[in-house]
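Summary of the model geometry
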Amino acid sequence: MTERLRLRRPDDWHVHLRDGPMLAAVADATARQFARAIVMPNLKPPVTTAAAAAAYRERIRAAVSPGIAFEPLMTCYLVDGINPDELVRGHGEGIFTAAKLYPAHATTNSAHGVTDVRQIYPALDAMQRIGMPLLIHGEVTDHNVDIFDREAVFIERTLKTMVADFPALKIVFEHITTKDAVDFVRDASPNIAATITPHHLAINRNAMFDGGMRPHFYCLPVAKRELHRLALRAAATSGNPKFFLGTDSAPHAVETKEADCGCAGIYNAPFAIESYARTFAEEGALDRLEGFASEFGPRFYGLPLNPDFITLERAPTPVPGRISAAGSELVPFHAGEVLDWRFVA
Ligand code: NCD
Ligand code: ZN
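Only a predicted model underlies this, so the values are computations on that prediction, with no experimental measurement involved. (Residues numbered from 1 in each chain as written. Chains lettered and ligands numbered in written order. Predicted model: local features only at pLDDT ≥ 70, side-chain atom pairs only at ≥ 80, totals over all residues. Heavy atoms only, no water.)

1. Remarks on the site of ligand 1
- Around ligand 1 lies a shell of 15 residues, among which Arg18, Thr107, Leu220, Asp248 and His252 are the nearest.
- The side chain of histidine 137 places a nitrogen or oxygen atom 3.3 Å from an oxygen atom of ligand 1.
- In this structure, an oxygen atom belonging to ligand 1 sits 3.2 Å away from a main-chain N or O atom of glycine 265.
- Contact with the protein chains covers 100% of the free accessible surface of ligand 1, which is 310 Å².
- Each residue belonging to the shell around ligand 1 can be placed in one class, and the counts come to four nonpolar, nine polar and two charged. (Near = heavy atom within 4 Å. Polar contact = N/O pair within 3.5 Å; in protein donor to acceptor, adjacent residues only side chain to side chain. Areas by Shrake-Rupley, 256 points an atom, 1.4 Å probe, with all protein chains shown as cover. Nonpolar A, V, L, I, M, F, W, Y, C, P; charged D, E, K, R; others polar.)

If you want it as structure tokens, here you go:
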């Protein structure tokens, strides 16, 4: 008999859905697996107002095929000097679920990001008061710091001070990549959590240089050494509710990845839950996948668990090398591999 795994329907607590034709191409991949997703606001221009987020939410809803129930959870892109009233109002009206801190120039479309966290202290104060989560891209942007150290240095230089200054602020340390981040989050108070991507569980930094340059394994924060990957796998499969699912699926057309200066981002949405299932199976922790994928995120955000369930089947699942999208193609994570779990429904 085919081995089956039934899970409460998961949510994706960190995804890039883009806009326009790319949104139309990728929306279903997320919506068919996940009931809800925290949608990143790093569009051009970034989503900095409740009105812009509400309009973007409508475009996402329109992009998802009829018959698929999906709830986009919107985020506000924090900029220097942002007015706390806009966040409080947007949160109160059910438009903003959370706000996102991109240190200026840390990653794709972050040019408008925060130059110094003190610039957003009034916003953080308001968010702490109303219980609105802060989502952090946790890397320093100082180019004198080695790229593989930027997350660990961010903890020391920025995050520890923020946590001390706003001890009750709900914080999600997004897409963590290091043992340093695992240790920090694990030992912090319960209002501090982290998301972990499928790719950081599956690859270490060698994947980017395996026989040549491999741009489809390049994302930010960049994959680190094996010891960090192992710490992430231990954290994700530990059953500790501070660690939950966030894919950081970040589509970039193939020609912008395979370029002189290739974009950062891995498109993992089409086989996201299958990828996580592989990691959890390898760790002998399939019984802990549901907590990580479907329970810990909603609990942290104070949202109800999804009422419905999905089924995964143990069956060879070939991943295509390319997927057409927006007049070009996307190379999905695991391109050309055969995964051993298949999302059925
Ligand atoms: C993301 C993107 O392309 O928007 N890229 C990435 O490598 N993860 C931005 C981000 O989350 O850093
Ligand atoms: Zn991201």
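2. Regarding the pattern of salt bridges
- Scanning the model with the defined rule gives 23 salt bridges in all.
- Arginine 36 is paired through a salt bridge with aspartate 11; the nearest N and O atoms lie 2.8 Å apart. Here arginine 36 is found in strand 3 (residues 36-39), whereas its partner aspartate 11 is found in the loop between strand 1 (4-8) and strand 2 (12-15), with 25 residues between them in sequence. For the pair shown, arginine 36 and aspartate 11 are each scored as buried.
- Several salt bridges share partner residues, and in doing so they unite Arg233, Arg278, Glu282, Glu283 and Glu337 into one network. (Salt bridge = Lys/Arg side-chain N within 4 Å of Asp/Glu carboxyl O. Helix = DSSP H or I, 4+ residues; strand = E, 2+ residues; numbered from the N terminus. Buried < 20%, exposed > 50% of the residue type's maximum accessible area, 1.4 Å probe, protein only.)

3. Focus on unusual backbone geometry
- Residue proline 45 is reached from lysine 44 by a cis peptide bond, and omega for that bond is -5°.
- Mapped onto the elements, proline 45 comes out in the loop between strand 3 and helix 2 (50-63).
- With an omega of -10°, the peptide bond between leucine 220 and proline 221 qualifies as cis.
- With respect to the secondary-structure elements, proline 221 resides in the loop between helix 7 (198-202) and helix 8 (226-236).
- Positive phi, close to 70°, is recorded for histidine 105, a residue that is not glycine.
- Within the secondary structure, histidine 105 is located in the loop between strand 5 (96-101) and helix 4 (121-130).
- Classification of histidine 105 by relative accessible area gives exposed; the value is 59%.
- Its identity is not glycine, yet histidine 334 carries a phi of approximately 75°, on the positive side.
- Looking at the secondary structure, you find histidine 334 in the loop between strand 12 (328-330) and strand 13 (338-343).

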